[in-house]
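Below are the chains, spelled out letter by letter.
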Amino acid sequence: MRPHTSVASSPPPGLRIEARRVTQQVKGAGRVLHDVSLDVAPGSLTVIAGSSGAGKTVLLTTLAGLHAPSGGTVRHDGARPGPPGREFGFVPQEDVLHLELPLRDTLRYAAGLRMEPGTAADAVDAAVRRVLASLGLAHRADTRVRDLSGGERKRAGIAAEMLTRPRVLFLDEPTSGLDPVTGAELLHTLRGLADDGTTVVLTTHALADLPRADRVVFLAPGGEVAYAGEPGALCPAFGVGTLEEVYGAVAGGAKTASATAPSNQDAASGPVAAAAPAAWPRVGPVRQWALLTRRGAALLVHNRLSVAVLAGSPVMIVAMFAVLFRAGAFDPAAPDPGSTAMIMFWIAFGAFFFGLTYGLLQICTELPVLRREWLAGLRLGPYVASKLTLVLPVLAVADALLLAVLRALDRLPAAGLDTFLSLFTTSLLASAAALALGLLASAAVSEPGQATLMLPLLCFPQVLFSGAFVPVPRMTVAGEVLSLAMTNRWAYEALGSAVGLEGLWRDGTSPLGPPLLASYGDSFAHPASRGWLILAGFTLLFLVAAWAVLVRKCRRGTADGRAGR
């Protein structure tokens, strides 16, 4: 077993936690906790145990102050819990570190978001070295988080929390999925943190975790305390010989005298002072945006699959364009009106597809990380802005490549620079709107698989109601209304206006021109700048909506979807 070393040279005093007659109602699950009273001493290791559905996770998040109790009170050092700050650590079951980066870099980015504004780079590096050494991970500092073992990854999550030397650390089933030896080593680490002065509270299903605690809180089905006391007295309290038999006794309704409220329960009946807001300056929005953008770029570079998709998608689409359309469709002497209309549509849709596919997996793959960093002071506005900043230059390159290759292959007219600048501006704004839509969808779903399913659902309406296959004047009233919400329609019309489809069709020799002109009405009669304004408005609208969805998701807290555990 790894020997324990002190986590902090000057450990802060641990936090005292008191719960009195706590009841918790959870939407969709009803009453999860009932009349829970307990004390957690500073610098102690407390384990919350019980069968599945007993409410362990809900009790943990309620004690942490992430959710106010429906009834009763929770106190931190005698006051109601304030907002989470640098003295607070919380490790959920999910990985809350990005898996693609080396551990040292991951912790540096975490420190940049959590430590005080203006902390020098040397101080950040010192904090990273301190937690790596204290948690036995110094030799794995240059290893990608993905390549760490299960126990090492758990310790890496704890390391991120210990960067700011918190007074209290909450962990949701940290030994879940670990083998007995690795689980024992992790509990030894947590035991060392408590010995250094940090108050440690964790939930567990593992029987081997109970004897290593200072105090065990055993929950019965229905969220009531069946036992609260020292682990050595747990079996005798129920008159059984093994911990396995304790679960059976509790399931049968057995409770012990220790389950009653602590002796100072009556003191909680009076008013409870609200905690004074801690002096906890957050890193400024501009610095957060810059740090998040740098981290996003590092994650992108370290993910070979993402790089392959980013580079391969434009190449594949350009190749399909070259095969699909014949050269010379925009020849003024003999234009091909049908092909010119389709080329403009597929340019618009290509720009949309680039933006949407790049945006769909940007947020949903890191929601657990985002929730935890939000508790640590992450601002969601800079987070969303960083995604736009990171991906938009890539989209600009893809759009420029598409237009350049099409012109080189004679699939676009031989026009001046102003025409191609107009085409590029339209394409980039179409990609930006699609990227913002992808970010909104990514924020709204819960997992990457759902985001993948969103791709055809978002693409099909953009194809059908863009006005390319069925001109807007030929649609039903309902179809025209729906087309107003399609970014592809405005990109398509702006592109057609930029290359002068109206004049080409009217002045060309093809007999197909006048009928097409009549069916499209005034679709291409407006300046491209009108489409630019509309596309910019959609981009802003989708970004604000993505921000609002993320605010709602983060405020719902870490117990969302696991209320009964």
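Here the structure is shown first, and the text comes after it.
In this report, we go over the structure that sits alongside the text. Bear in mind the structure is a predicted one, so any value in this text is a computation, not a measurement.

What follows deals with the pairing of strand S9 (residues 224-229). Burial analysis of S9 places five of its six residues in the buried class, the great majority of the element. Connecting strand S8 (residues 215-220) to the antiparallel partner S9 that follows it, the hairpin turn spans three residues, and Gly222 within it adopts a positive phi of roughly 100°.

In this section: the pairing of strand S6 (residues 168-172). When you tally the buried positions in S6, you get five out of five residues, the bulk of the element. Of the two faces of S6, the one holding Val168, Phe170 and Asp172 and the one holding Leu169 and Leu171 are both buried throughout. Two elements, strand S5 (residues 88-91) and S6, share four bridges in a ladder whose sense is parallel. Residue Phe90 lies in a different strand from S6, and its bridge partner there is Phe170. By the bridge criterion, five bridges tie S6 to strand S7 (residues 199-203) in an arrangement that is parallel. Looking across to S7, one finds that Leu171 is bridged to Leu202. Each parallel crossover has a hand, and for S6 linked through helix H5 (residues 180-195) to S7 it is right-handed.

One open sheet accounts for six strands, arranged S5-S6-S7-S3-S8-S9; its pairing is mixed. In the strand order of this sheet, the two ends are held by S5 and S9, each with one partner. Ignoring which end each strand starts from, the neighbouring axes of this sheet average 15° apart. Two elements, S8 and S9, share five bridges in a ladder whose sense is antiparallel.

Reading the values: rules and limits
Residues numbered from 1 in each chain as written. Predicted model: local features only at pLDDT ≥ 70, side-chain atom pairs only at ≥ 80, totals over all residues. Heavy atoms only, no water. Buried < 20%, exposed > 50% of the residue type's maximum accessible area, 1.4 Å probe, protein only. Helix = DSSP H or I, 4+ residues; strand = E, 2+ residues; numbered from the N terminus. Pairing = 2+ DSSP bridges. Right-handed = clockwise from strand over helix to strand, strands pointing away. Axes fitted to C-alpha atoms, helices over the stretch in contact; angles between N-to-C directions.

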